[in-house]
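# Examining the three-dimensional arrangement
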Amino acid sequence: MSLTQDILNKLNEDIIIEIMEENGSPVRSSSTDGRTGQKCLWFTTICHGGDSGKLCYFTETKTFYCYTNCGFMNVFELIKKIRNLDSEDFAGALRYLANKVGVSFRREGFYQDDPAEGVKKELEEIKKEMAENPYFGVFSAENKIYDEKILDYFDENTFYTGWNEEGITDETMRKFGIRYYWDENHIIIPHYNINGELIGVRRRSLNPEDSNNKYMPEFLAGKSYEHSLGLNLYGLNINKEEIQKQGRAILVEGEKSVMLSDSFFDKSVTVATCGFNVSEPQIHLLDSLGVRDVYLGFDKDYDPIKDAGTPEYEVYAKKIKTLCKRLLKNFNVYLIEDKYNILGKKDSPFDKGKENFEYLYQKAERIHYIWDKE
């Protein structure tokens, strides 16, 4: 039996709760999945540094689903994320989980002197698969394709004036297929893959009771139009030609920033990861277009001057460093960071208008080195 299977066989609900609590996410609630009937445990979305309770663990299949960013993940992929391990460091995830379930990391027939050598043959197979499959470690390599006729249910001629006031034009919203769901008071945000195929439908609720869950997959006739956000880049289907032409891309967290960029500039190279993370599949998408320069323009969760030295800022800064380190393997990386008190907390670099964005963009710092592991 392989080490991975041995770990999964011994992994139980109590161990998962212990692991998540140890990494800062105690179980928040439990439920029963309506489709499969299996028990679900709900945790904070620490997989991408989020603070919502939308990370679900399915107890029978032993998989996770993050409803705000990461999509499906096996337990090994989740451990790499929450322990800030390199994407290739499968051994680190194995070692951590083996210790938790009481399985020896040393394997019969392998080197016995060094535990790190104990799974040498298994790791060689994993590295081989990773070289052949850029989506290795993700539960599903592809998102499902939905019939675009579902969008006919929503109003394509009504646009949210609040977004107009923030700087997003009707022309941009029409280009990105934004619609309105009268029955539920939702802004509808279709998501397309690089080939322009519909892979998901997200909603931005305008209802006060959804203030903590504004962005979620849309439900219609009892069906959820969810997709794995980490397998795609929002806006890439529209901006791919310009990205390929310029050899650069601006990465942001949310769909609104992509639309603001489109409203500000005739030719936009901005795409969204839809969360505080950059996945290997997303890196592969940019690499496939010949991107050389990546500008990381995530939301300003903490002020680099005022908040420096606080525990919260240190966690935030470490995550940014991890993302830069991941990107540096393929691209020149530039960090768009507000050291000038232009943005408010949780603001995107685009949220204070075109002129302020251009200033922050020009001040972006090139990251020349890779941080050592901490």
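Look up a bit, the structure's there.
To start, this report covers the structure provided alongside it.

Thresholds, definitions, all that
Residues numbered from 1 in each chain as written. Predicted model: local features only at pLDDT ≥ 70, side-chain atom pairs only at ≥ 80, totals over all residues. Heavy atoms only, no water. Phe/Tyr/Trp six-rings, centres within 6.5 Å; stacked < 30°, edge-to-face > 60°. Helix = DSSP H or I, 4+ residues; strand = E, 2+ residues; numbered from the N terminus. Buried < 20%, exposed > 50% of the residue type's maximum accessible area, 1.4 Å probe, protein only. Pairing = 2+ DSSP bridges. Axes fitted to C-alpha atoms, helices over the stretch in contact; angles between N-to-C directions. Contact = heavy atoms within 4.5 Å. Polar contact = N/O pair within 3.5 Å; in protein donor to acceptor, adjacent residues only side chain to side chain. Disulfide = S-S within 2.5 Å. 1 Å grid on protein atoms, 1.4 Å probe; cavity = no way out; pocket = protein on both sides within 12 Å on 5 of 7 lines; lining within 4 Å. Points joined across faces, edges and corners; volume = space filled by probe spheres on them. Nonpolar A, V, L, I, M, F, W, Y, C, P; charged D, E, K, R; others polar. Salt bridge = Lys/Arg side-chain N within 4 Å of Asp/Glu carboxyl O.

## Some points on the packing of aromatic side chains
- As enumerated under the stated definition, the model contains 22 aromatic pairs in all.
- Note on Phe154 and Tyr181: the rings are 5.0 Å apart at their centroids and 70° apart in plane angle, and the pair reads as edge-to-face. Remark: Tyr181 occurs in strand β6 (residues 179-181) and Phe154 occurs in the loop between α5 (120-132) and α6 (161-166); sequence separation between them is 27 residues.
- For Phe154, a relative accessible area of 5% corresponds to the buried category.
- Residue classification places Tyr181 among the buried positions, given a relative accessible area of 7%.

## Quick notes on the pairing of strand β7 (residues 186-192)
- In terms of residue burial, β7 counts as a mostly covered element, since seven of its seven residues are buried.
- Going residue by residue along β7, you find His186, Ile188, Pro190 and Tyr192 tucked away on one face and Ile187, Ile189 and His191 tucked away on the opposite face as well.
- Where β6 and β7 come together, three bridges link them in antiparallel fashion. In the sheet register, Tyr181 faces β7, and the bridge partner there is His186.
- The hairpin formed by β6 and β7 contains four residues between the paired strands, and Asn185 there has a positive phi angle of roughly 60°.
- Sheet analysis places β7 next to strand β8 (residues 198-205), joined by seven bridges and oriented antiparallel.

## A few points about the sheet that holds strand β5 (residues 71-74)
- Judged by pairing direction, the sheet is antiparallel, and its five strands sit side by side in the order β1-β2-β3-β4-β5 without closing on themselves. Two strands in the sheet have a free side with no partner beyond their single neighbour: β1 (29-32) and β5. When strand polarity is set aside, the average angle formed by the axes of neighbouring strands in this sheet is 25°.
- Direction of pairing for strand β2 (residues 39-43) relative to strand β3 (residues 55-58): antiparallel, over a ladder of four bridges. Following the sheet pairing, Trp42 is matched in β3 by Cys56.
- Packing of helix α2 (residues 13-22) onto the sheet brings it into contact with β2, β3 and β4 (63-66), and relative to β2 it is tilted by some 10°.
- Each of β3, β4 and β5 is contacted by helix α3 (residues 75-82), which is oriented at about 100° to β5, the strand it contacts most.

## Considering the environment of Asp347
- As for its position among the elements, Asp347 is in the loop between β15 (332-335) and α12 (354-362).
- Between the alpha carbons of Asp347 and Tyr302 there is a distance of 9.9 Å; along the sequence they are 45 residues apart.
- A polar contact of 2.4 Å, which involves the side chain of Asp347, links it to the side chain of Lys352.

## Looking at helix α9 (residues 255-264)
- Among the 10 residues that make up α9, eight are buried, leaving the element largely enclosed by the rest of the structure.
- When we look at burial in α9, the residues that qualify are Glu255, Ser257, Val258, Met259, Leu260, Ser261, Asp262 and Phe264.

## Here's the deal with the side chain of Lys100
- Secondary-structure assignment places Lys100 in helix α4 (residues 90-101).
- The class for Lys100 is buried, based on a relative accessible area of 18%.

## Side note on the state of the cysteines
- Within this structure, the stated rule accounts for zero disulfides.
- Free cysteine: Cys56, not disulfide-bonded; nearest cysteine sulfur from Cys40 at 3.7 Å.
- Judged by its relative accessible area of 1%, Cys56 falls in the buried class.

## With respect to empty space enclosed by the protein
- Enumeration over the complete set of coordinates arrives at three cavities of 30 Å³ or more.
- Taken as a whole, the largest cavity holds about 210 Å³ of empty space.
- For the largest cavity, the lining is made up of 20 residues, of which Glu77, Lys81, Asn277, Ser279 and Glu280 are closest to its centre.
- As a volume, the second largest cavity reaches approximately 50 Å³.
- Its residues placed into classes, the lining of the second largest cavity shows six nonpolar, one polar and two charged.

## Considering the layout of surface pockets
- Counted as a void, the largest pocket has a volume near 1600 Å³.
- Lining of the largest pocket is provided by 45 residues; of these, His48, Gly50, Asp51, Glu253 and Lys346 occupy positions nearest its centre.
- Contributions of two or more residues to the lining of the largest pocket are made by α3, β8, α9 and α11 (311-328).
- Take the lining of the largest pocket: its biggest share by element is five residues, from α11.
- Its residues assigned to classes, the lining of the largest pocket comprises eight nonpolar, 18 polar and 19 charged.

## Quick notes on the pattern of salt bridges
- Summed over the entire model, instances satisfying the criterion amount to 15 salt bridges.
- The salt bridge partner of Glu166 is Lys256, with a shortest N-O separation of 2.5 Å. With Glu166 in helix α6 and Lys256 in helix α9, the pair connects residues that are 90 residues apart, well separated along the chain.
- Residue Glu166 is classed as partly exposed on the basis of its relative accessible area of 36%.
- Each of Glu18, Glu22, Arg83 and Lys100 takes part in a single network of salt bridges with overlapping partners.

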